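A closer look at the structure
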Amino acid sequence: MTEPVIAQKEPYAVELEAGETYAWCACGRSENQPFCDGSHKETTQLPIVFKAEKSETAYLCGCKRSGNGQFCDGTHKTL
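Residues numbered from 1 in each chain as written. Predicted model: local features only at pLDDT ≥ 70, side-chain atom pairs only at ≥ 80, totals over all residues. Heavy atoms only, no water.

What follows is about the overall build of the chain. Broken down by element type, the chain carries 0 helices and 4 strands. In the chain, the order of α-helices and β-strands from amino to carboxyl end is β-β-β-β. Here the C-alpha radius of gyration of the chain, 12 Å, is about what a compact globule of 79 residues would show, namely 12 Å. Overall size of the chain, expressed as C-alpha extent along the three principal axes, is 35 × 30 × 20 Å. At a minimum sequence separation of 6, the contacts of the chain that also span at least 24 residues come to 58%. Carbon and sulfur atoms make up 47% of the accessible area of the chain, which amounts to about 4800 Å² in all. (Helix = DSSP H or I, 4+ residues; strand = E, 2+ residues; numbered from the N terminus. Rg over C-alpha atoms; globule rule 2.2 N^0.38 Å. Contact = heavy atoms within 4.5 Å. Areas by Shrake-Rupley, 256 points an atom, 1.4 Å probe, with all protein chains shown as cover.)

Okay, here's the thing in C-alpha coordinates:
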(Lines give C-alpha, C1' and ligand atoms only; values in the text may rest on other atoms or scores of the structure.)
Protein backbone atom coordinates (compact mmCIF):
# COMPACT_ATOMS: atom_id res chain seq x y z
CA MET A 1 0.00 0.00 0.00
CA THR A 2 1.32 3.42 -0.93
CA GLU A 3 1.68 5.86 1.98
CA PRO A 4 -0.45 9.03 1.61
CA VAL A 5 1.40 12.28 0.92
CA ILE A 6 1.08 14.92 3.63
CA ALA A 7 -0.63 17.77 1.77
CA GLN A 8 -0.19 20.15 4.74
CA LYS A 9 0.32 19.87 8.48
CA GLU A 10 -2.90 21.64 9.40
CA PRO A 11 -6.57 21.16 8.56
CA TYR A 12 -8.40 22.76 5.66
CA ALA A 13 -11.31 24.96 6.79
CA VAL A 14 -14.04 24.47 4.19
CA GLU A 15 -17.66 25.55 3.91
CA LEU A 16 -19.90 22.53 3.43
CA GLU A 17 -23.46 22.81 2.17
CA ALA A 18 -26.16 20.53 3.61
CA GLY A 19 -27.08 17.70 1.27
CA GLU A 20 -24.07 18.20 -1.04
CA THR A 21 -21.74 15.28 -1.77
CA TYR A 22 -17.98 15.73 -1.44
CA ALA A 23 -14.97 13.51 -2.19
CA TRP A 24 -12.12 14.09 0.28
CA CYS A 25 -8.64 13.32 -1.06
CA ALA A 26 -7.09 10.48 0.98
CA CYS A 27 -3.88 10.11 -1.05
CA GLY A 28 -2.62 13.69 -0.64
CA ARG A 29 -1.75 14.04 -4.33
CA SER A 30 -4.74 16.09 -5.50
CA GLU A 31 -4.11 19.57 -6.89
CA ASN A 32 -7.58 20.47 -5.56
CA GLN A 33 -6.94 19.88 -1.82
CA PRO A 34 -8.68 18.85 0.29
CA PHE A 35 -10.90 17.39 -2.42
CA CYS A 36 -10.18 14.60 -4.89
CA ASP A 37 -9.13 15.31 -8.48
CA GLY A 38 -8.49 11.67 -9.46
CA SER A 39 -4.75 11.68 -8.69
CA HIS A 40 -5.21 8.59 -6.50
CA LYS A 41 -5.43 6.37 -9.59
CA GLU A 42 -1.69 5.68 -9.29
CA THR A 43 -2.07 4.64 -5.62
CA THR A 44 -4.02 2.18 -3.52
CA GLN A 45 -5.94 4.94 -1.68
CA LEU A 46 -9.46 5.90 -2.56
CA PRO A 47 -11.21 9.18 -1.70
CA ILE A 48 -13.76 9.29 1.09
CA VAL A 49 -17.09 10.29 -0.42
CA PHE A 50 -19.51 11.85 2.05
CA LYS A 51 -22.70 13.91 2.13
CA ALA A 52 -22.76 16.99 4.37
CA GLU A 53 -25.44 16.63 7.02
CA LYS A 54 -25.62 20.37 7.63
CA SER A 55 -24.21 23.61 6.26
CA GLU A 56 -21.16 24.46 8.35
CA THR A 57 -17.46 25.21 8.41
CA ALA A 58 -15.69 21.84 8.63
CA TYR A 59 -12.03 21.16 9.29
CA LEU A 60 -10.88 18.49 6.87
CA CYS A 61 -7.63 16.63 7.45
CA GLY A 62 -4.62 17.96 5.56
CA CYS A 63 -2.02 15.47 6.80
CA LYS A 64 -4.03 12.45 5.58
CA ARG A 65 -3.38 10.59 8.84
CA SER A 66 -6.52 11.43 10.86
CA GLY A 67 -8.14 8.64 12.83
CA ASN A 68 -11.44 10.43 12.23
CA GLY A 69 -11.77 9.86 8.48
CA GLN A 70 -11.90 13.09 6.50
CA PHE A 71 -12.21 15.24 9.62
CA CYS A 72 -9.15 16.57 11.44
CA ASP A 73 -8.41 14.94 14.81
CA GLY A 74 -5.17 16.80 15.58
CA THR A 75 -2.82 14.04 14.36
CA HIS A 76 -0.88 16.64 12.35
CA LYS A 77 0.50 18.03 15.63
CA THR A 78 2.50 14.82 16.13
CA LEU A 79 4.14 14.75 12.67
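A word on the pattern of salt bridges. Taken as a whole, this structure holds 2 salt bridges when the rule is applied. With a shortest N-O distance of 3.4 Å, Glu 3 and Arg 65 are connected by a salt bridge. Of this pair, Glu 3 sits in the segment before strand 1 (12-16) while Arg 65 sits in the segment after strand 4 (56-60), and the two are 62 residues apart along the sequence. Where Glu 56 meets Lys 54, a salt bridge forms, and the shortest distance between an N and an O atom there is 4.0 Å. (Salt bridge = Lys/Arg side-chain N within 4 Å of Asp/Glu carboxyl O.)

A few words on unusual backbone geometry. For the bond running from Gln 33 to Pro 34, omega is 5 degrees, close enough to zero to count as cis. Checked against the element boundaries, Pro 34 lands in the loop between strand 2 (21-24) and strand 3 (48-51). Not every positive phi belongs to a glycine, and Lys 64 is a case in point at roughly 65 degrees. Along the chain, the position of Lys 64 falls in the segment after strand 4. Take Lys 64: its relative accessible area is 7%, and that puts it in the buried class. (Buried < 20%, exposed > 50% of the residue type's maximum accessible area, 1.4 Å probe, protein only.)

So, on to the packing of aromatic side chains. Summed over the entire model, instances satisfying the criterion amount to 3 aromatic pairs. Ring pairing ties together the aromatic residues Tyr 22, Phe 35, Phe 50 and Phe 71, which thus form one cluster. (Phe/Tyr/Trp six-rings, centres within 6.5 Å; stacked < 30°, edge-to-face > 60°.)

Moving on: the nonpolar core. The biggest cluster of nonpolar side chains holds 13 residues, and the ones touching the most others in it are Val 14, Leu 16, Tyr 22, Trp 24, Phe 50 and Leu 60. Broken down by element, the residue count for this core peaks at 3 residues, all from strand 1. Tyr 22 has contacts with Glu 15, Leu 16, Glu 17, Phe 35, Ile 48, Val 49, Phe 50 and Ala 52, leaving out every residue within four places of it along the chain. (Core = buried A, V, L, I, M, F, W, Y, C linked by side-chain atoms within 4.5 Å.)

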